[in-house]
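In case you want the letters, here they are:
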Amino acid sequence: MVIKHGKLIRDNLKRSHITLAGLLSYIREKGYSDVTHIDYAIIEPSGEISVLPKQEAAPVTPKQLKIDTADQGLPITVILEGKIQHDNLKIINKDEKWLKKELTQAGYSDQSNIFYVAIREHDYLLTTDTGEGGFKNS
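Here the structure is a predicted model, which is why all the values come from computation and not from measurement.

### Some thoughts on unusual backbone geometry
The phi dihedral of Lys66 is positive, around 60 degrees, even though this residue is not glycine. Note on placement: Lys66 falls in the loop between strand S4 (49–53) and strand S5 (75–80). Of note in the backbone geometry, Glu81 takes a positive phi value of approximately 50 degrees without being a glycine. Relative to the elements of secondary structure, Glu81 occurs in the loop between S5 and strand S6 (83–84).

### As for the sheet that holds strand S2 (residues 7–8)
Strand order in the open sheet formed by four strands is S2-S1-S3-S4, with antiparallel pairing between adjacent strands. Strands at the two margins of the open sheet, each flanked by one partner only, are S2 and S4. Pairing of strand S1 (residues 3–4) with strand S3 (residues 38–43), which is carried by two bridges, proceeds in the antiparallel orientation. What sits directly across from Ile3, in S3, is Ala41.

### A short note on the nonpolar core
Grouped together as the largest cluster of nonpolar side chains are 13 residues, with contacts concentrated most on Val78, Ile92, Leu99, Leu103, Val117 and Ile119. Put simply, the parts of the chain that give this core at least two residues each are S5, helix H4 (96–105) and strand S7 (116–120).

### A short note on the environment of Thr19
In this fold, Thr19 is placed in the loop between helix H1 (10–16) and helix H2 (20–29). We classify Thr19 as exposed; its relative accessible area is 52%. A distance of 2.9 Å separates a polar side-chain atom of Thr19 from the backbone nitrogen of Gly22.

### What to know about the confidence of the model for the chain
Taken over all residues, the pLDDT of the chain has a mean of 83, while the share at 70 or more is 88%. Taken element by element, the predicted model of the chain shows its lowest mean pLDDT in strand S9 (residues 136–137) (56) and its highest in S3 (93).

### A word on the pattern of salt bridges
What the rule picks out here adds up to one salt bridge. Between Glu96 and Lys100 there is a salt bridge, and its shortest N-O distance comes to 3.0 Å. Highlighted residues: Glu96 and Lys100, both in helix H4, separated by four residues, approximately one helical turn. A relative accessible area of 28% means that Glu96 is categorised as partly exposed.

### Some remarks on the side chain of Lys54
With respect to the helices, strands and loops of the structure, Lys54 is situated in the loop between S4 and S5. In this structure the side chain of Lys54 is engaged in a polar contact, spanning 3.1 Å, whose partner is the backbone oxygen of Thr36. Those residues in contact with Lys54 that sit more than four places away from it in its chain are His5, Gly6, Thr36, His37, Ile38 and Asp39.

### A short note on the pairing of S5
The pairing of S5 with S7 spans five bridges and is antiparallel. In the strand pairing of S7, Pro75 is matched with Arg120. As paired strands, S5 and S6 are joined by two bridges and run antiparallel to one another. Its bridge partner being in S6, Ile79 is matched across the sheet by Ile84. Count of turn residues in the S5/S6 antiparallel hairpin: two residues, of which Glu81 carries a positive phi of about 50 degrees.

Procedures and definitions
Residues numbered from 1 in each chain as written. Predicted model: local features only at pLDDT ≥ 70, side-chain atom pairs only at ≥ 80, totals over all residues. Heavy atoms only, no water. Helix = DSSP H or I, 4+ residues; strand = E, 2+ residues; numbered from the N terminus. Pairing = 2+ DSSP bridges. Core = buried A, V, L, I, M, F, W, Y, C linked by side-chain atoms within 4.5 Å. Buried < 20%, exposed > 50% of the residue type's maximum accessible area, 1.4 Å probe, protein only. Polar contact = N/O pair within 3.5 Å; in protein donor to acceptor, adjacent residues only side chain to side chain. pLDDT = per-residue confidence, 0-100. Salt bridge = Lys/Arg side-chain N within 4 Å of Asp/Glu carboxyl O. Contact = heavy atoms within 4.5 Å.

Structure (structure tokens):
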């Protein structure tokens, strides 16, 4: 343990051969900029560091707010770097003709210029990227 109740345990940090700068960097990467927000930081046998935030600093979950969440489905890549992924279309029981129709309806008349398209298997929402500035949902 290198942090307990928001306080650094110097002796354990020295024994772990992890620098203070390295530990602070690691907890920032986990989304915590302040050591006092950490309840425990534990060096695991694998060498990884587990960061357990104090309850008041922990992210709020939909369950805690009693918000029902539905599975959005796995995004299936159907165009990758301009190439149609036929095997992935089969996974969602669709074909190239269906894909081209959906892309046309979404405003893409020339599919050869599309860099990336993923389709959620649950509701067939298209996520596209022409390689010119970000993703668009259709």
